[in-house]
Amino acid sequence: MSNIRVNFNNIVGAMKIMHGVNNGPFVSGNDQARGNQKTYMECRIPYARTHDASFFSGYGGNHTVDVNFIFTDFDADVNDPASYDFACTDQYMKQIIDSGTKPFFRLGSRIEHEVKKYNTFPPKDFQKWAEICEHIIAHYTEGWCDGFKYDMEYWEIWGEPDLDIHEEKNKRLWQGTEEEFFELFTVAAKHLKNRFPHLKIGGPGSAGDEEWMERFFIAMKKNNVPLDFFSYHWYWTQPYDMTAKCTRVRKLLDKSGYAGVETNLDEWNYVRGWEEDFVYSIKQIIGIKGAAFNMACMSAAQNCPDIDMLMYYDARPSEWNGLFDFYTMEPLKGYYAFYTFANLYEMGQQVESYSDDESVYVVGAKGNGKYGIAITYYSENDNDCSKKIALTLDGLDSSKLKFYLVDENNTYAEKEIYLAEDNQIIIHLERNSIMYIEM
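Quantities reported herein were computed from a predicted structural model and do not represent experimental measurements. (Residues numbered from 1 in each chain as written. Predicted model: local features only at pLDDT ≥ 70, side-chain atom pairs only at ≥ 80, totals over all residues. Heavy atoms only, no water.)

1. Some words on the sheet that holds strand β6 (residues 200–206)
Here's step 1: Strand order in the closed barrel formed by eight strands is β2-β3-β4-β5-β6-β7-β8-β9, with parallel pairing between adjacent strands. Neighbouring strand axes in the sheet, compared pairwise and without regard to direction, differ in orientation by 30° on average.
Here's step 2: Both strand β7 (residues 229–236) and strand β8 (residues 262–270) contribute to a ladder of eight bridges, which runs parallel. The partner of Tyr232 across the bridge, within β8, is Leu265.
Here's step 3: Taken strand by strand, helix α8 (residues 278–285) contacts β8 and β9 (309–312), and its axis lies near 105° from that of β8. (Pairing = 2+ DSSP bridges. Helix = DSSP H or I, 4+ residues; strand = E, 2+ residues; numbered from the N terminus. Axes fitted to C-alpha atoms, helices over the stretch in contact; angles between N-to-C directions. Contact = heavy atoms within 4.5 Å.)

Set out below in structure tokens:
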């Protein structure tokens, strides 16, 4: 039997933003009514990163978000409002904000899997590119060019410049050299931070190559580049591998002189393999295993001091979306992992919790007159059996609790749970299950 304990008498810190995502809701704009804005809002997602938004026509397709889609002619006048096409991006930003979510804006280009690359080459003029980004930020935060004064504090420069760094051809997100990217980031970060000192300027959405990260940090420090946050990506199968990576990245930052800089893992998802196991991985993402993986990762990251924010990839209608069905936009099992974490996050205060089983994850929270616990049994081994779990509570009356279960056969269904003596609760969970308990 596995043993877990939650002590509501001991507050250990604040609940962190572990339930951010990439991309916003789909708001149907025609008579073929299909959308998810209502359920997206109910999930209370705090941030939506805008990377790869331009793949989806429902957001505006090839007219949305990417710098090259907003400023379509690089030779145009950077100060002329007529040089910018904001229409589709304006609509997309409004849809995100109307859903109660803040955009986390990626300045750069979507990934290019095509045989020919179009928009991932180094800009012809790094300073001009920085000034184009300046005007995009001014449009959304200062009202420039009939714009807005949105509360959009996060601005990420580029994304995955270290992807395919060992390939001579078919680089998918940065066609230039490493040195060229370091120069672009230096120019853009300095210019944007000088222009918008009150905003968070960072990046670069590293693909996760730690040797590359170290060279990046050294170069940025040498160039006196301000860095409000460092963002990177991770795809794997074990939450404890994720937190181990977070710790290594934190140590690299600290060693390089960027101690205290916010860390943001702004792409993550379940991937067993990118080739033979990729179809298997996609099937898990949209099922109960993906849901349990999501909750386990958010729980593990909440308990890890070396990561400040998570952003799941992806809430965009695609094979990566474990929250909403691609065809109907109805919530999948994975949606309820984010819904559950939102409940805990809104309580505000994390309380002490412990598990003696590395496959059973637990997070407890309290605040605003509420108490909550999320218990997740996640296993990468598809042959593992169910578990019997003994939950001990301190500082909470177990007789007044409600229990909600997400597993293969239940979707946030309220359940009756056996209460043992001494405030101990006996729980039976099938492999890959989430139980949310609240009072």
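From this point on, the discussion continues.
2. A few points about the pairing of strand β14 (residues 402–406)
Here's step 1: For β14, the buried fraction is high: four of the five residues fall into the buried class.
Here's step 2: Looking at chain direction, β14 and strand β18 (residues 433–438) are connected through five bridges and run antiparallel. Residue pairing across strands places Leu405 opposite Met435, the latter belonging to β18.
Here's step 3: Both β14 and strand β15 (residues 411–415) contribute to a ladder of four bridges, which runs antiparallel. When the bridges of β15 are listed, Phe403 appears paired with Lys415. (Buried < 20%, exposed > 50% of the residue type's maximum accessible area, 1.4 Å probe, protein only.)

3. A few points about the side chain of His135
Here's step 1: Following the sequence through the fold, His135 ends up in helix α4 (residues 126–141).
Here's step 2: Within the local environment of His135, its side chain forms a polar contact with the backbone oxygen of Glu131, the two atoms lying 2.7 Å apart.
Here's step 3: In this structure, His135 is in contact with Val78, Asn79, Tyr84, Phe86 and Trp144, ignoring residues within four places of it in sequence. (Polar contact = N/O pair within 3.5 Å; in protein donor to acceptor, adjacent residues only side chain to side chain.)

4. Some points on the sheet that holds strand β12 (residues 370–377)
Here's step 1: The mixed open sheet is built from ten strands, whose spatial order is β15-β14-β18-β12-β11-β10-β1-β13-β17-β16. Each edge of the sheet is formed by a strand with only one pairing partner; in this case those strands are β15 and β16 (418–419).
Here's step 2: Direction of pairing for strand β13 (residues 387–394) relative to strand β17 (residues 424–429): antiparallel, over a ladder of six bridges. Along β17, the bridge assignment pairs Lys388 with His428.
Here's step 3: Against the sheet, helix α9 (residues 288–302) touches β1 (2–14), β10 (349–355), β11 (360–367), β12, β14 and β18, its axis set at about 120° to β12.

5. Re the environment of Tyr235
Here's step 1: You can see Tyr235 is positioned in strand β7.
Here's step 2: Measuring from C-alpha to C-alpha, the distance between Tyr235 and Met435 comes to 24 Å, with 200 residues separating the pair along the chain.
Here's step 3: Once residues within four sequence positions are removed from consideration, Tyr235 is found in contact with Glu267, Trp268, Asn269, Val271, Trp274, Tyr313 and Trp320.
Here's step 4: At 2.5 Å, the side chain of Tyr235 and the side chain of Glu267 are in polar contact.

6. Considering the packing of aromatic side chains
Here's step 1: All told, the structure shown has 55 aromatic pairs when counted by the stated rule.
Here's step 2: Where Phe181 meets Phe185, the ring centres are 6.1 Å apart and the plane angle is 45°; that geometry is what we call tilted. In this pair, Phe181 and Phe185 both sit in helix α5 (residues 178–195), four residues apart, roughly one turn of the helix. Of the two residues, Phe181 and Phe185, both sit in the buried class.
Here's step 3: Aromatic rings pair up to connect Trp129, Trp158, Trp174, Phe181, Phe182, Phe185, Trp212, Phe216, Phe217, Phe230, Tyr232 and Tyr258 into one cluster.
Here's step 4: Against the face of Phe74 rests Lys128, its NZ or CZ located 5.3 Å from the ring centre. (Phe/Tyr/Trp six-rings, centres within 6.5 Å; stacked < 30°, edge-to-face > 60°. Lys NZ or Arg CZ within 6 Å of the ring centre and 35° of its normal.)

7. Regarding the nonpolar core
Here's step 1: Ranked by size, the top nonpolar core spans 113 residues in total, and within it Phe105, Leu107, Trp129, Ile136, Trp155 and Trp268 carry the most contacts.
Here's step 2: When residues of this core are assigned to their parent elements, the largest contribution, ten residues, is made by α9.
Here's step 3: Ignoring anything within four residues of it in the chain, the contact list for Ile136 reads Val67, Ile70, Phe86, Phe105, Leu107 and Trp155. (Core = buried A, V, L, I, M, F, W, Y, C linked by side-chain atoms within 4.5 Å.)

8. Observations concerning the pattern of salt bridges
Here's step 1: All chains considered together, the criterion is met by 27 salt bridges.
Here's step 2: Arg195 is the partner of Glu142 in a salt bridge, and the nearest nitrogen-oxygen pair spans 2.7 Å. One end of the pair, Glu142, is in the loop between α4 and β5 (154–157); the other, Arg195, is in helix α5, with 53 residues separating them in the sequence.
Here's step 3: Residue classification places Glu142 among the partly exposed residues on the basis of a relative accessible area of 36%.
Here's step 4: Linking Glu214 and Lys255 is a salt bridge whose minimum nitrogen-to-oxygen distance equals 2.7 Å. Taken together, the residues span a long stretch of sequence, with Glu214 in helix α6 (residues 210–222) and Lys255 in helix α7 (residues 239–255) at a distance of 41 residues. (Salt bridge = Lys/Arg side-chain N within 4 Å of Asp/Glu carboxyl O.)

9. Quick word on helix α3 (residues 87–98)
Here's step 1: Between its first and last C-alpha, α3 extends 17 Å over twelve residues, near the 16 Å set by a 1.5 Å rise per residue.
Here's step 2: Every buried residue belonging to α3 is among Thr89, Asp90, Tyr92, Met93, Gln95 and Ile96, and all of these are buried.
Here's step 3: Looking at the packing, one finds that the buried side of α3 touches α1 (37–42), β3 (47–49), α2 (67–70), β4 (102–107) and α4.
Here's step 4: Once α3 finishes, Gly100 follows within two positions and takes phi at roughly 85°, a positive value. (Expected span 1.5 Å × (residues − 1).)

10. Let's talk about the layout of surface pockets
Here's step 1: Here the largest pocket defines a volume of roughly 870 Å³.
Here's step 2: Around the largest pocket, the lining comprises 29 residues; the ones closest to its centre are Glu160, Leu163, Arg172, Tyr235 and Trp274.
Here's step 3: Counting residues per element, the ones that place at least two in the lining of the largest pocket are β7 and α7.
Here's step 4: Examining the composition of the lining of the largest pocket, we find that four residues originate from one element, β7, more than from any other.
Here's step 5: Residues that form the lining of the largest pocket fall into these classes: twelve nonpolar, five polar and twelve charged.
Here's step 6: Estimated volume of the second largest pocket: approximately 260 Å³.
Here's step 7: In terms of lining residues, the second largest pocket is bounded by 15 residues, among which Asn68, Phe74, Asn119, Phe121 and Pro123 are the most central.
Here's step 8: Only α2 and α4 provide two or more residues apiece to the lining of the second largest pocket.
Here's step 9: In terms of residue class, the lining of the second largest pocket is made up of ten nonpolar, four polar and one charged. (1 Å grid on protein atoms, 1.4 Å probe; cavity = no way out; pocket = protein on both sides within 12 Å on 5 of 7 lines; lining within 4 Å. Points joined across faces, edges and corners; volume = space filled by probe spheres on them. Nonpolar A, V, L, I, M, F, W, Y, C, P; charged D, E, K, R; others polar.)

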